2 protein chains.
Amino acid sequence: MTYSLGMLCRTGAAFLSDSRTSAGMDNITMRSKMRVYEKPGERVICIMSSGNLSLTQATLALIDDDLILANNEPASETIMTPQTLYETARYVGTKVRAVEKRDRVALEADGFDFNINLIVGGQIAGMTPEIHLIYPQGNSIHATRDCPFLQIGETKYGKPILDRGFNYETSLSDAVKFGIISIDATMKSNVAVGPPIDLLCYEVDSLVANLRMRLDEDDPYLQEIGRKWQNGIVKLVKDMPAPDFTKPSLGFATAA
Amino acid sequence: MTYSLGMLCRTGAAFLSDSRTSAGMDNITMRSKMRVYEKPGERVICIMSSGNLSLTQATLALIDDDLILANNEPASETIMTPQTLYETARYVGTKVRAVEKRDRVALEADGFDFNINLIVGGQIAGMTPEIHLIYPQGNSIHATRDCPFLQIGETKYGKPILDRGFNYETSLSDAVKFGIISIDATMKSNVAVGPPIDLLCYEVDSLVANLRMRLDEDDPYLQEIGRKWQNGIVKLVKDMPAPDFTKPSLGFATAA
């Protein structure tokens with residue numbers, strides 16, 4: 001399993017992903033789910049993937065092959081050529097569809113789903129930052145001011161903290177903290193999601209991917225965040241008022 | 001969908017459940033998932049259910065029918081006769097199996113799973129409080145000091161807060177607060193889980209089910225908890241240290 005998260009805010013975008021791949025309890029490995037394609041001053045594109053590892057690797061291989069082939073054919077389409085983020089997402093979608101054509105029948109013959117989801121986000125010069133989610137069918141949706149984050153993989157554990165605290169007006173610095181806590185919560189509740197955390201913090205109009213980190217399990221910063229969060233929410237709960245059972249309440253279905 | 005939660009701690013047990021039943025987006029109704037069977041001084045048994053509404057109602061109907069029939073046959077087995085919580089859970093499991101015999105084939109013929117899970121907990125005089133989770137197969141597991149809570153239904157959204165803060169040594173009063181926040185987080189992130197929240201707070205050796213509440217959506221206490229939690233965690237995140245991107249980090253898979 002995987003958990004990847006793209007967050008859009010007024011001052012930029014944050015991308016976070018875990019690095020655990022599991023093909024059964026006895027086959028857990030560490031693989032980054034995040035790729036960054038960058039041409040400083042022109043575009044920054046971040047791709048994160050979840051699903052069947054063979055499918056996500058195949059899709060990225062097709063994207064990378066196009067870049068290599070473009071050395072000989074400069075006019076060909078690559079991840080670095082679309083003029084908009086939407087067309088970039090469509091381009092990635094065509095690669096998902098190409099892999100689908102190759103592999104779906106063989107996978108389904110043995111009971112495996114055609115399971116792949118991608119987040120593609122970033123900024124192209126002259127455009128605003130965008131984040132898109134690409135489905136296994138190759139089509140996509142994108143984040144908006146009202147729904148400013150997109151998740152793929154093991155999405156549920158880390159959603160409440162974002163629903164509570166993150167919105168489009170959240171500062172990029174705070175967005176990163178919300179993202180780390182969202183991933184950390186997921187890692188704590190599900191062993192299929194694990195460190196290190198890959199993080200790209202993208203400042204609007206910077207057109208450079210220089211704010212990047214990989215947070216390993218024993219990273220002092222990640223440990224400090226985890227410890228402060230745990231102590232903080234326990235204190236917060238203890239400081240809550242207790243329910244008053246003496247007050248009249250609505251009816252119950254009591255038996256016996 | 002449903003979310004129900006049983007929490008075991010040294011000083012008692014807390015039971016919480018939502019009240020939303022959905023059979024499609026256009027068929028959402030309010031139904032309590034919690035039943036309490038009580039004989040003060042002898043036993044308190046709380047049952048919470050999730051899954052197919054027809055199956056959970058059928059199981060509870062068999063349990064209630066036994067109680068009615070026992071008026072004529074005082075020696076017959078009912079939810080109120082086992083000497084231990086484990087045997088109580090097994091008794092409920094036999095009812096699940098009886099419903100399975102009646103309904104599984106017909107359900108599966110139309111593509112419906114035989115989907116029912118129950119939490120059965122409480123205390124019988126002379127025994128310690130216990131909480132059991134009963135599977136669709138009628139077998140069960142029970143909460144322990146190391147794993148002191150059991151969830152059924154839409155379990156993921158509300159698990160991180162429990163993983164972070166609740167353990168067997170948590171006070172019963174704080175356990176209730178953790179439970180309310182766990183359910184409230186789930187309601188906020190998933191429309192298939194909704195108010196009112198049914199709550200039974202059981203104090204060890206009280207053998208009475210007098211600490212009960214039903215918290216509706218506009219209940220001032222529930223609103224206060226939600227507001228304080230939201231404000232508290234946003235402040236907590238803002239007070240966290242920001243990541244230092246100038247520090248050397250592990251390698252990345254960068255392309256282009």
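Residues numbered from 1 in each chain as written. Chains lettered and ligands numbered in written order. Predicted model: local features only at pLDDT ≥ 70, side-chain atom pairs only at ≥ 80, totals over all residues. Heavy atoms only, no water.

1. What about the sheet that holds strand β2 (residues 12-17) of chain B?
Strand pairing in a sheet relies on backbone hydrogen bonds. The paired strands run either parallel or antiparallel.
All names here are of chain B.
Now for step 1: Strand order in this open sheet of five strands is β10-β1-β2-β11-β12, and the pairing throughout is antiparallel. The sheet terminates laterally at β10 (149-153) and β12 (212-215), the two strands that pair on one side only. Taking each pair of neighbouring strands and ignoring which way they run, the sheet shows an average axis angle of 10°.
Now for step 2: Sheet strands touched by helix α4 (residues 172-189): β1 (3-9), β2, β11 (197-203) and β12. Its angle to β1, the strand with the most contacts, is close to 160°. (Pairing = 2+ DSSP bridges. Helix = DSSP H or I, 4+ residues; strand = E, 2+ residues; numbered from the N terminus. Axes fitted to C-alpha atoms, helices over the stretch in contact; angles between N-to-C directions. Contact = heavy atoms within 4.5 Å.)

2. What to know about the environment of Leu-53 of chain A
All names here are of chain A.
Now for step 1: Locating Leu-53 in the fold gives a position in helix α1 (residues 53-69).
Now for step 2: A relative accessible area of 25% means that Leu-53 is categorised as partly exposed.
Now for step 3: The spacing of Leu-53 and Gly-93 is 40 residues in sequence and 17 Å in space, taken between C-alpha atoms.
Now for step 4: Once residues within four sequence positions are removed from consideration, Leu-53 is found in contact with Thr-21 and Arg-31. (Buried < 20%, exposed > 50% of the residue type's maximum accessible area, 1.4 Å probe, protein only.)

3. Overview of the layout of surface pockets
Now for step 1: One number sums up the size of the largest pocket: a volume of about 590 Å³.
Now for step 2: In terms of lining, the largest pocket is formed by 28 residues, of which the most central are Thr-21, Gly-51, Asn-52, Leu-53 and Thr-56 of chain B.
Now for step 3: Broken down by secondary-structure element, the contributors of at least two residues to the lining of the largest pocket are β3 (20-22), β5 (34-39), β6 (43-51) and α1 (53-69) of chain B.
Now for step 4: Residues of the lining of the largest pocket, tallied by class, amount to seven nonpolar, 16 polar and five charged.
Now for step 5: Within this model, the second largest pocket holds a volume of roughly 470 Å³.
Now for step 6: In terms of lining, the second largest pocket is formed by 21 residues, of which the most central are Ser-22, Gly-51, Asn-52, Leu-53 and Asn-115 of chain A.
Now for step 7: Broken down by secondary-structure element, the contributors of at least two residues to the lining of the second largest pocket are β3 (20-22), β6 (43-51) and α1 of chain A.
Now for step 8: When the residues that make up the lining of the second largest pocket are grouped by side-chain class, the tally is four nonpolar, 13 polar and four charged. (1 Å grid on protein atoms, 1.4 Å probe; cavity = no way out; pocket = protein on both sides within 12 Å on 5 of 7 lines; lining within 4 Å. Points joined across faces, edges and corners; volume = space filled by probe spheres on them. Nonpolar A, V, L, I, M, F, W, Y, C, P; charged D, E, K, R; others polar.)

4. Some details on empty space enclosed by the protein
Now for step 1: For the structure shown, the criterion picks out one cavity of 30 Å³ or more.
Now for step 2: As a volume, the largest cavity reaches approximately 190 Å³.
Now for step 3: Lining of the largest cavity is provided by 16 residues; of these, Pro-160, Ile-161 and Trp-229 of chain A together with Pro-160 and Ile-161 of chain B occupy positions nearest its centre.
Now for step 4: Here the lining of the largest cavity is composed, by residue class, of 13 nonpolar, one polar and two charged.

5. Some thoughts on the interface of chain A and chain B
It is common to give the size of an interface as the accessible area lost on bringing the parts into contact.
Now for step 1: Taken together, the contacts link 62 residues of chain A with 62 residues of chain B.
Now for step 2: Taken over both partners, the interface formed by chain A and chain B buries close to 6200 Å², and the fraction arising from carbon and sulfur atoms is 65%.
Now for step 3: On the chain A side of the contact with chain B, Arg-164, Met-240 and Phe-245 of chain A bury the most area, a combined 14% of that side's loss.
Now for step 4: Linking chain A with chain B are six salt bridges.
Now for step 5: Across the pair Asp-184 of chain B and Arg-164 of chain A runs a salt bridge, and its minimum N-O distance is 2.7 Å.
Now for step 6: Viewed at the interface, chain B and chain A are joined by 18 residue pairs in polar contact (both at pLDDT 80 or more).
Now for step 7: Among the elements of the structure, β5 (34-39), α1, α3 (159-165), α4 (172-189), β11 (197-203), β12 (212-215), α5 (220-238) and β13 (254-255) of chain A are those that each provide at least two residues to the side of chain A that touches chain B.
Now for step 8: For the side of chain A that touches chain B, the leading source of residues is α5 of chain A, giving 13 residues.
Now for step 9: Of the residues belonging to the side of chain A that touches chain B, the class tally is 33 nonpolar, nine polar and 20 charged. (Buried area = accessible area lost by both parts, 1.4 Å probe. Salt bridge = Lys/Arg side-chain N within 4 Å of Asp/Glu carboxyl O. Polar contact = N/O pair within 3.5 Å; in protein donor to acceptor, adjacent residues only side chain to side chain.)

6. Points about unusual backbone geometry
Now for step 1: In this structure, Pro-196 of chain A follows Pro-195 of chain A across a cis peptide bond, with omega equal to 0°.
Now for step 2: Of note, Asp-205 of chain B is a non-glycine position whose phi angle comes to about 70°, a positive value.

7. Overview of the sheet that holds β11 of chain A
All names here are of chain A.
Now for step 1: With antiparallel pairing, five strands are arranged side by side in an open sheet as β10-β1-β2-β11-β12. The open sheet terminates on both sides in strands that have one partner only, identified here as β10 (149-153) and β12. Shown here is a sheet whose adjacent strand axes are inclined to one another by a mean of 10°, direction ignored.
Now for step 2: As paired strands, strand β1 (residues 3-9) and β10 are joined by five bridges and run antiparallel to one another. Residue pairing across strands places Leu-5 opposite Gln-151, the latter belonging to β10.

8. A few points about the relation of the copies chain A and chain B
Now for step 1: Laying chain A over chain B is done by rotating through 180° and shifting 0.0 Å along the axis; what remains is an RMSD of 0.0 Å. Taken together, the rotation and translation describe the operation of a two-fold axis. Taking the C-alpha atom as reference, chain A places Tyr-157 of chain A closest to the rotation axis, 2.4 Å from it.
Now for step 2: A share of 100% of interface residues in chain A that are also interface residues in chain B marks the association as one of identical surfaces. (Least-squares fit on C-alpha atoms with pLDDT ≥ 70 in both.)

9. Describing the pairing of strand β7 (residues 116-124) of chain B
Residue and element names in this part refer to chain B.
Now for step 1: Of all nine residues that make up β7, nine are buried, and the element is covered over most of its length.
Now for step 2: On β7, burial covers both faces: Ile-116, Leu-118, Val-120, Gly-122 and Ile-124 on one face and Asn-117, Ile-119, Gly-121 and Gln-123 on the other are all buried.
Now for step 3: As paired strands, β6 and β7 are joined by nine bridges and run antiparallel to one another. Bridge pairing links Ile-47 to Val-120 in β7.
Now for step 4: Summarising the sheet, β7 and strand β8 (residues 130-134) pair through five bridges and their orientation is antiparallel. What sits directly across from Gly-121, in β8, is Ile-131.

10. Brief notes about the packing of α4 of chain A against helix α5 (residues 220-238) of chain B
Now for step 1: Contact geometry of α4 of chain A with α5 of chain B gives a least axis separation of 9 Å together with a crossing angle of 110°. As far as their axial angle goes, α5 of chain B and α4 of chain A are roughly perpendicular. On the side of α4 of chain A, the interface is formed by Asp-174, Lys-177, Phe-178 and Ile-181 of chain A, while α5 of chain B contributes Val-234, Val-237 and Lys-238 of chain B.
Now for step 2: Tallied by class, the residues present in the contact of α4 of chain A with α5 of chain B amount to four nonpolar, no polar and three charged. (Parallel < 35°, antiparallel > 145°, perpendicular 65-115°, else oblique.)

11. A few points about the nonpolar core
Now for step 1: Grouped together as the largest cluster of nonpolar side chains are 70 residues, with contacts concentrated most on Met-7 of chain A together with Met-7 of chain B.
Now for step 2: Non-local contacts of Met-7 of chain A, meaning those with residues more than four positions away in its chain, are made with Gly-12, Ala-13, Ala-14, Leu-16, Ile-131, Pro-148, Phe-149, Leu-162, Phe-166, Ala-175, Phe-178 and Gly-179 of chain A. (Core = buried A, V, L, I, M, F, W, Y, C linked by side-chain atoms within 4.5 Å.)

12. Here's the deal with the side chain of Thr-21 of chain B
Now for step 1: Mapped onto the fold, Thr-21 of chain B is located in strand β3.
Now for step 2: Those residues in contact with Thr-21 of chain B, other than ones at most four positions away along the chain, are Asn-27, Ile-28, Thr-29, Arg-31, Lys-33 and Leu-53 of chain B.

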